[in-house]
Amino acid sequence: MNLAPDPSEKIARARGDLRMGVPIVIIDGPVGILVQATETLTPDRVADARALPGDTVLSITARRAETLKARPYDGDLARIHVPENADLRWIIALADPADDLRTPMKGPLHSVRNGKADAHRVALRLAKDARLLPSVLITDLENPSDFATKHDLTTLFTVQVEPLLGVSAHYYDIVHARLPMEVSDKGQLHVFRPDNGGEEHYAIIVGAPDRNQPVLTRLHSACFTGDLMGSLKCDCGPQLRAALAQMGAEGAGVLLYLNQEGRGIGLANKMRAYSLQDQGFDTVEANHRLGFEDDERDFRIGAALLTKLGIAQVRLLTNNPAKIDMMQKTGIAVSERVALKVGKNRFNADYLRTKATKSGHFL
């Protein structure tokens, strides 16, 4: 009998711990670190970490380091030395760009260049996957296994978790039921659950698509503000409704509703990006200042769900060439790109222009 969690399940547990503000331990060979997500830090836990004998650094992505003019000696990340007199406000100021324009001078910042950064890289990936700011406070540990056991902390080993990070999950069609809709009274909703503890995703089937022919398909990333609140800052809501309307008019189609809010950074970080846009930055610039890439979504999820549904050919409703490329690379044939140009208004004109010029959208 073995009821203990496997490495994938421990990763899911670690994500949950970081979201709650609970530290985790990551062990890389003989070296171990205490990891705390910057966004959920408390003054007491900062003080407890600083009281340990090991060195403490703030690990941030190279994108955030670029904004702070810090040197990312580790390539895709930077380990910033935390001064003895640094408090929680100092740490948050480095992680969160909300006050960058008000207090642009945050240095001098000293980047650590000695030692391995593999465990730090894993920690940042976990913070991203937890939809937190990509910034972690890290303290070197003596006897990390004993420390984790004493404090009842989740422990990850890089040799076990590195091969799992970035690997596509397996999805299970856990339930589906009839769903009459405005666009068609012949509809179904399928709920897909991944085996890695991540978000569930949904497939809305309109009519009875012929699997032997290319199926009119839309990969739609969840947008709470646009889909539900009628936000004018994006074109997501109009795209969702237009896609469903076209499927209803043609009598068949599949809309995949993927829970990858804000290009995969989560609603809280999307609101942070909106705040930065109010300061004059475009969508891509805002993501970079937060420490994210242009687009953190994983379109392989869409291909996996289509395969589960028995669909191998699609007419893809999209303006995004990256979706087409990923479908083709993952075995889904795109026989046609169906344009979806709706929802432009005076509030999102700059947003759409940025999508066209920096992300290559067909607009």
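Residues numbered from 1 in each chain as written. Predicted model: local features only at pLDDT ≥ 70, side-chain atom pairs only at ≥ 80, totals over all residues. Heavy atoms only, no water.

K.L.:
Any details on the sheet that holds strand S11 (residues 215-221)? Residues and values, ideally.
P.N.:
Strand order across the open sheet formed by 7 strands is S8-S9-S10-S12-S11-S13-S14, with mixed pairing between neighbours. Across the chains shown, the open sheet's two edge strands, defined by having one partner strand only, are strand S8 (171-178) and strand S14 (333-338). Averaged over all adjacent pairs, the angle separating strand axes in this sheet is 25°, with direction ignored. In this sheet, strand S12 (residues 252-258) lies alongside strand S10 (residues 201-207) in antiparallel orientation, the contact comprising 6 bridges. From the neighbouring strand, Tyr202 faces S12, where its bridge partner is Tyr257. Packed on one face of the sheet, helix H14 (residues 321-329) meets S11, strand S13 (313-317) and S14 and runs near 165° to S14. (Pairing = 2+ DSSP bridges. Helix = DSSP H or I, 4+ residues; strand = E, 2+ residues; numbered from the N terminus. Axes fitted to C-alpha atoms, helices over the stretch in contact; angles between N-to-C directions. Contact = heavy atoms within 4.5 Å.)

K.L.:
How would you summarise the state of the cysteines if you had to cite specific residues and measurements?
P.N.:
The final tally for this structure, using the stated rule, is 0 disulfides. We note that Cys223 lacks a disulfide partner, and the nearest cysteine sulfur, in Cys234, lies 3.7 Å from it. Residue classification places Cys223 among the buried positions, given a relative accessible area of 2%. Cysteine Cys234 shares no disulfide, and the gap to the nearest cysteine sulfur, in Cys236, comes to 3.6 Å. For Cys234, a relative accessible area of 3% translates into the label buried. (Disulfide = S-S within 2.5 Å. Buried < 20%, exposed > 50% of the residue type's maximum accessible area, 1.4 Å probe, protein only.)

K.L.:
Requested: an account of the pattern of salt bridges, with residues and values cited.
P.N.:
For the structure on display, the rule yields 28 salt bridges. Lys116 serves as the salt-bridge partner of Asp28, at 3.2 Å between the closest nitrogen and oxygen. Linking Asp28 in strand S1 (residues 24-28) with Lys116 in the loop between strand S5 (111-112) and helix H5 (118-129), this pair joins segments that are 88 residues apart in sequence. Residue Lys270 pairs with Glu261 through a salt bridge whose shortest N-O separation is 2.5 Å. Each member of the pair, Lys270 as well as Glu261, carries the same accessibility label: buried. Connected through salt bridges with shared partners, the residues Asp28, Asp76, Lys116, Asp118 and Arg121 form a single ionic network. (Salt bridge = Lys/Arg side-chain N within 4 Å of Asp/Glu carboxyl O.)

K.L.:
Account for the packing of helix H11 (residues 267-278) against helix H12 (residues 283-290), with residues named and values stated.
P.N.:
The description of two helices packed together rests on the angle between their axes and the distance between the axes. The contact between H11 and H12 brings their axes to 9 Å, and the two run at 120°. The angle between H11 and H12 places the two elements in the oblique class. Relative to H12, H11 is oriented so that their crossing is right-handed. Packed against H11, whose contacting residues are Asn269, Arg272, Ala273, Leu276 and Gln277, the element H12 presents Thr283, Ala286, Asn287, Arg289 and Leu290 at the interface. The class makeup of the residues in the contact of H11 with H12 is 4 nonpolar, 4 polar and 2 charged. (Parallel < 35°, antiparallel > 145°, perpendicular 65-115°, else oblique. Left-handed = near helix turned anticlockwise from the far one by under 90°. Nonpolar A, V, L, I, M, F, W, Y, C, P; charged D, E, K, R; others polar.)

K.L.:
Summarise the pairing of S13; cite the residues concerned and give the values.
P.N.:
Among the 5 residues that make up S13, 4 are buried, leaving the element largely enclosed by the rest of the structure. Where S11 lies against S13, 3 bridges are found, and the strand directions are parallel. Following the sheet pairing, Val215 is matched in S13 by Val314. The pairing of S13 with S14 spans 5 bridges and is parallel. For Gln313, the partnering residue across the bridge sits in S14 and is Ala333. The handedness of the S13 to S14 crossover, carried by H14, is right-handed. (Right-handed = clockwise from strand over helix to strand, strands pointing away.)

K.L.:
Before we move on, could you go through the environment of Ala130 and cite the residues and values that matter?
P.N.:
Looking at where Ala130 falls in the secondary structure, it is placed in the loop between H5 and strand S6 (135-141). You can call Ala130 buried: its relative accessible area is 3%. Put simply, Ala130 and Pro238 are 108 residues apart on the chain and 28 Å apart in space, counted from C-alpha to C-alpha. With sequence-adjacent residues up to four places away left out, Ala130 is seen in contact with Arg15 and Arg19.

K.L.:
Requested: an account of H12, with residues and values cited.
P.N.:
With 7 of 8 residues buried, H12 lies mostly within the body of the structure. Its side-chain oxygen 3.0 Å from the backbone nitrogen of Val284, Asp282 forms the N-cap of H12. (Polar contact = N/O pair within 3.5 Å; in protein donor to acceptor, adjacent residues only side chain to side chain.)

K.L.:
Describe the pairing of strand S4 (residues 77-81), and please don't skip the residues or the numbers.
P.N.:
Burial within S4 is extensive, with 4 of its 5 residues counted as buried. With 5 bridges connecting them, strand S3 (residues 56-61) and S4 associate as antiparallel partners. Along S4, the bridge assignment pairs Ile60 with Ala78. Bridge count between S4 and S5: 2 bridges; the pairing is antiparallel. Within the sheet, the bridge partner assigned to Arg79 lies in S5 and is Val112.

K.L.:
Break down empty space enclosed by the protein for me, with residues and values.
P.N.:
Across all of its chains, the model carries 1 cavity of 30 Å³ or more by this definition. Size it by volume and the largest cavity reaches roughly 430 Å³. Considering the residues around the largest cavity, the lining is formed by 30 residues, among which Cys236, Arg263, Arg297, Tyr351 and Lys355 are closest to the centre. When its residues are assigned to classes, the lining of the largest cavity shows 10 nonpolar, 12 polar and 8 charged. (1 Å grid on protein atoms, 1.4 Å probe; cavity = no way out; pocket = protein on both sides within 12 Å on 5 of 7 lines; lining within 4 Å. Points joined across faces, edges and corners; volume = space filled by probe spheres on them.)

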